[in-house]
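# Examining the three-dimensional arrangement
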Amino acid sequence: MSHIERPRFSCMLGGVLATLSALPKTVPIIHGAQGCGGSLANAYSLGGYLGVGYCGGSGAPSSNIGESDIIFGGVDRLTTEIKNTFEVMDGELYVLTTTCMTDIIGDDVKSVLNEIGEKEKPILFIDTGGFQGNSYYGYSKLIEVLFEQYIPKKETKKKNLVNILGLVPGYDPFFRGDLEEIQRILALVGVEANTFFTHDQTQENILSAGEASLNIVLSRLYGVDAAKAIKESHDIDYLITDLPIGNLATVDFINQVAEKLQLDKDKVKAVLEKESSSYYKYVDRATDVIADTDFQNYAVVIANGTEALPYAKFLDNEIGWIPGYVFITDELTEDQKATIVEAFEKIEFAERPELVFETDTYRIQQYIEQNNPQFKSDKYYETFSPAFVLGSTIDRKLSTVLNGNLLSISFPIINRIVITKGYAGFYGGLNLIEDLITAQISGR
């Protein structure tokens, strides 16, 4: 019998609520039982204490249906809740979500919206019964709904305007800092980016997304289906790539975008040379402490399918560490696993790590203990030391077993707060070097 212990994601509704909490002046309306909204807000807050945003957490309106509504239907309560929300919550966009319970009883939500919703305020509907998928799936479906129901189609595209997709608020804990850095670098080469979730974004940015000439998906898994659907509905081309961390990956990323958008090659080259030069000047300042601390480590990377490979690639390609294991913690289909394996095999490693698909925290530790020579009774073996775990806060025990350090980079994160920090791009790579060194010397 399968069980859920120390989960690394939540249900589809959890992903939708986390995403809505990051959109500007957007108000969710939950049609469900008491507790769904609050419990899921507690869940996504574990992404580095994300916070509730403009209208999330316990402030999110909910129909709060009870036993009688389940027997006789909750449509009346939903109608009342929508009207009350319009009256007291000043939103520019409202999004009605359902829950497992209301999906089961089969309330006709669309008829309610036809009667009262669209006549008064912009309100969208997304069916988010938890049986359909997890939080990452919820993010992808919400992006599709935004383009289907809200974002106008534009036949004329704005050259060098792009939308950034693929990073899930909360469940990719550093999404905001990562998006800001990607946006900064793209601006340097003359590309304007709609990020949807950074603090400079407004409803105008969301509504202008139909004018974009390219969707950039920073994930091999999430936002991909949305990008394909948007290609059909809005005729916007897409680029699927990895989250770039550090100098090498970021230079490659910008060159991919430049080729897609046919940017001025000389301008792009000049920008990248300047950014790379600045990057390595900062790295140079850290070389003394790097040499002093025997900085090279064996590493275990534990993260979702968006982040795990970029982190492992950075550790190997940029700072010369030896990532021994890469654990992908999402629940993936066989096709999604094949996508990850294909991307993994294209990465050049000095010493190729083991790629393992495992969501269970205990089994991750068990896998290493059963497969690494230092935990067997062999007389002679190569120790996995010094070791460093880049994972979640719940991987602390593994770092203790390995007598190594831990840096929390994946959901859930409860031992650090994430406000502006990101690990993407040039600045993000420097942030990561900074945090890895700091973890190593913090006991001094």
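These notes cover the structure that comes with them. (Residues numbered from 1 in each chain as written. Predicted model: local features only at pLDDT ≥ 70, side-chain atom pairs only at ≥ 80, totals over all residues. Heavy atoms only, no water.)

### Examining the overall build of the chain
Note the following rule: Think of it this way: any DSSP run of H or I at least four residues long counts as a helix, any run of E at least two long counts as a strand, and we number them from the N terminus. Radius of gyration here is computed from C-alpha atoms only, and the compact-globule reference equals 2.2 Å multiplied by the residue count raised to the power 0.38. We call two residues contacting when some pair of their heavy atoms lies within 4.5 Å. Note on areas: these come from Shrake-Rupley sampling with a 1.4 Å probe, and a residue is covered only by the protein chains present in the view. In this tally, Lys and Arg are treated as positive and Asp and Glu as negative; His is ignored, and so are the chain termini. Charged side chains are reduced to one point each, which is NZ for Lys, CZ for Arg, CG for Asp and CD for Glu.
Across its full length, the chain holds 18 helices and twelve strands. In terms of C-alpha radius of gyration, the chain reaches 23 Å, essentially the compact-globule figure of 22 Å for 444 residues. Its C-alpha atoms put the chain at 70 × 55 × 40 Å along the principal axes. Considering only contacts within the chain whose residues lie at least 6 apart along the sequence, 76% involve residues at least 24 apart. Counting every atom, the chain has about 19,600 Å² of accessible surface; 48% of that belongs to carbon and sulfur. Separation between the mean location of the 38 positive side-chain charges and that of the 61 negative ones in the chain comes to 3 Å.

### Describing the packing of aromatic side chains
The description of an aromatic ring pair rests on the distance of the ring centres and on the angle between the ring planes. This is how it is decided: Only Phe, Tyr and Trp rings take part, Trp by its six-membered ring, and two of them pair if their centres are within 6.5 Å. Stacked means planes under 30 degrees apart, edge-to-face means over 60, and tilted covers everything else. Here's how the labels work: a residue is buried when its accessible area is under 20% of the maximum for its type, exposed when over 50%, partly exposed in between, all with a 1.4 Å probe on protein chains only. Throughout this description, the term charge over a ring refers to an Arg CZ or Lys NZ atom that lies within 6 Å of the ring centre and within 35 degrees of the ring normal.
Per the stated rule, a full pass over the model turns up 18 aromatic pairs. Relative to Tyr 280, the ring of Tyr 279 lies with its centre 5.0 Å away and its plane at 90°, an arrangement referred to as edge-to-face. Looking at Tyr 280, the relative accessible area reads 39%, which means it is partly exposed. An aromatic cluster is built from Tyr 298, Tyr 325, Phe 327, Tyr 367 and Phe 384, whose rings are joined through pairwise contacts. Directly above the aromatic system of Tyr 427 lies the positively charged group of Arg 184, at a separation of 4.0 Å from the ring centroid.

### So, the sheet that holds strand E1 (residues 26-31)
Put simply, the rule reads: Strands were regarded as paired on the criterion that DSSP finds at least two bridges between them. Lines fitted to the C-alpha atoms define the axes, with helices restricted to the stretch that makes contact. Angles between their N-to-C directions range from 0 to 180 degrees.
Reading across from one edge, E1-E2-E3 is the order of the three strands in this open sheet, with parallel pairing throughout. The open sheet has two free edges, formed respectively by E1 and strand E3 (123-126), since each of these has just one partner strand. Along the sheet, successive strands turn relative to each other by an average axial angle of 25°, direction set aside. Relative to E3, strand E2 (residues 93-98) runs parallel, the two sharing four bridges. The residue bridging Tyr 94 from the neighbouring strand is Ile 123, located in E3. Packed on one face of the sheet, helix H1 (residues 12-22) meets E1, E2 and E3 and runs near 170° to E2.

### Quick notes on the sheet that holds strand E11 (residues 387-391)
Strand order in the open sheet made by the five strands is E10-E9-E8-E11-E12, with parallel pairing throughout. Each edge of the open sheet carries a strand with a single partner, namely strand E10 (354-357) and strand E12 (405-408). Taken over all neighbouring pairs, the strand axes of this sheet differ in orientation by 15° on average, direction set aside. Note: strand E9 (residues 322-328) against E10, four bridges, orientation parallel. Its bridge partner being in E10, Phe 327 is matched across the sheet by Val 356. Running over the sheet, helix H16 (residues 361-371) touches strand E8 (298-303), E9 and E10 and is turned about 140° from E9.

### Remarks on empty space enclosed by the protein
To keep it simple, the criterion reads: Cavities and pockets are found on a 1 Å grid laid over the protein atoms alone: a cavity is a set of points where a 1.4 Å probe fits but cannot escape, a pocket is an open set with protein on both sides within 12 Å along at least five of seven lines, and a lining residue has an atom within 4 Å of such a point. Grid points are joined across faces, edges and corners, and a volume is the space filled by probe spheres set on the points. In this classification, the charged set is Asp, Glu, Lys and Arg, the nonpolar set is Ala, Val, Leu, Ile, Met, Phe, Trp, Tyr, Cys and Pro, and all remaining amino acids, among them Gly, are polar.
Overall, the coordinates contain two cavities of 30 Å³ or more when judged by the stated rule. Lining the largest cavity, in full, are Arg 8, Phe 9, Tyr 136, Tyr 171, Ala 303, Asn 304, Glu 307, Thr 329, Asp 330, Ser 410 and Phe 411. The residue makeup of the lining of the largest cavity, split by class, is five nonpolar, three polar and three charged. Approximately 40 Å³ is the volume found for the second largest cavity. Lining the second largest cavity are Leu 17, Leu 20, Ser 21, Pro 28, Ile 30, Gly 37, Tyr 44, Cys 55, Gly 56, Gly 57 and Ala 60. Contributing elements (two or more residues each) for the lining of the second largest cavity: H1, E1 and helix H2 (36-44). Ranked by the residues each element gives to the lining of the second largest cavity, the list is headed by H1, at three residues. Tallied by class, the residues present in the lining of the second largest cavity amount to seven nonpolar, four polar and no charged.

### Details of the layout of surface pockets
Taken as a whole, the largest pocket encloses approximately 780 Å³ of empty space. Lining the largest pocket are 37 residues; nearest its centre among them are Arg 220, Leu 221, Val 224, Ile 240 and Thr 339. Top element by residues in the lining of the largest pocket is helix H15 (residues 334-346). It accounts for six residues.

### Some remarks on the pattern of salt bridges
Selection rule: Basic side-chain nitrogens of Lys or Arg form a salt bridge, by our definition, when they fall within 4 Å of a carboxyl oxygen of Asp or Glu.
With the rule as written, the count across this model stands at 14 salt bridges. Residues Asp 90 and Lys 25 are paired through a salt bridge, measuring 3.3 Å at the closest nitrogen-oxygen approach. Separated by 65 residues along the polypeptide, Asp 90 in the loop between helix H4 (75-88) and E2 and Lys 25 in the loop between H1 and E1 bring together distant segments of the chain. According to the relative accessible area criterion, Lys 25 is partly exposed, its value standing at 28%. A salt bridge links Glu 275 to Arg 184, with the nearest nitrogen and oxygen atoms 2.8 Å apart. Residue Glu 275 is found in helix H12 (residues 265-285), and its partner Arg 184 is found in helix H8 (residues 175-188); the two are separated by 91 residues along the sequence. Exposure remark for Glu 275: the relative accessible area of 12% places this residue in the buried category.

### Description of the side chain of Asn 297
Selection rule: Definition of a polar contact: a pair of N or O atoms within 3.5 Å, with one able to donate and the other able to accept a hydrogen when the atoms are protein atoms, and with sequence-neighbouring residues admitted only if both atoms are side-chain atoms.
As for its position among the elements, Asn 297 is in the loop between helix H13 (287-292) and E8. Within polar-contact distance, the side chain of Asn 297 engages the side chain of Gln 440 at 3.1 Å. Here Asn 297 is in contact with Trp 321, Ile 322, Pro 386, Ala 387, Phe 388 and Gln 440, once residues within four sequence places are set aside.

### Considering the packing of helix H7 (residues 135-149) against helix H10 (residues 224-234)
In a packed pair of helices, the relevant descriptors are the angle between the two axes and the axis-to-axis distance. For clarity, the cut-off: Throughout this description, any angle smaller than 35 degrees is read as roughly parallel, any larger than 145 degrees as roughly antiparallel, any in the 65 to 115 degree range as roughly perpendicular, and the remainder as oblique. In this scheme the handedness of a crossing depends on how the near helix is turned from the far one: anticlockwise by less than a right angle means left-handed, clockwise means right-handed.
For the pair H7 and H10, the least separation of the axes is 9 Å and the interaxial angle reads 15°. Viewed along their axes, H7 and H10 adopt a mutual orientation that is roughly parallel. Crossing geometry of H7 relative to H10 is assigned as right-handed. Side by side, H7 and H10 meet where Ser 140, Ile 143, Glu 144 and Phe 147 of the first sit next to Asp 225, Ala 226, Ala 229, Ile 230 and His 234 of the second. Of the residues contributing to the contact of H7 with H10, the split by class is five nonpolar, two polar and two charged.

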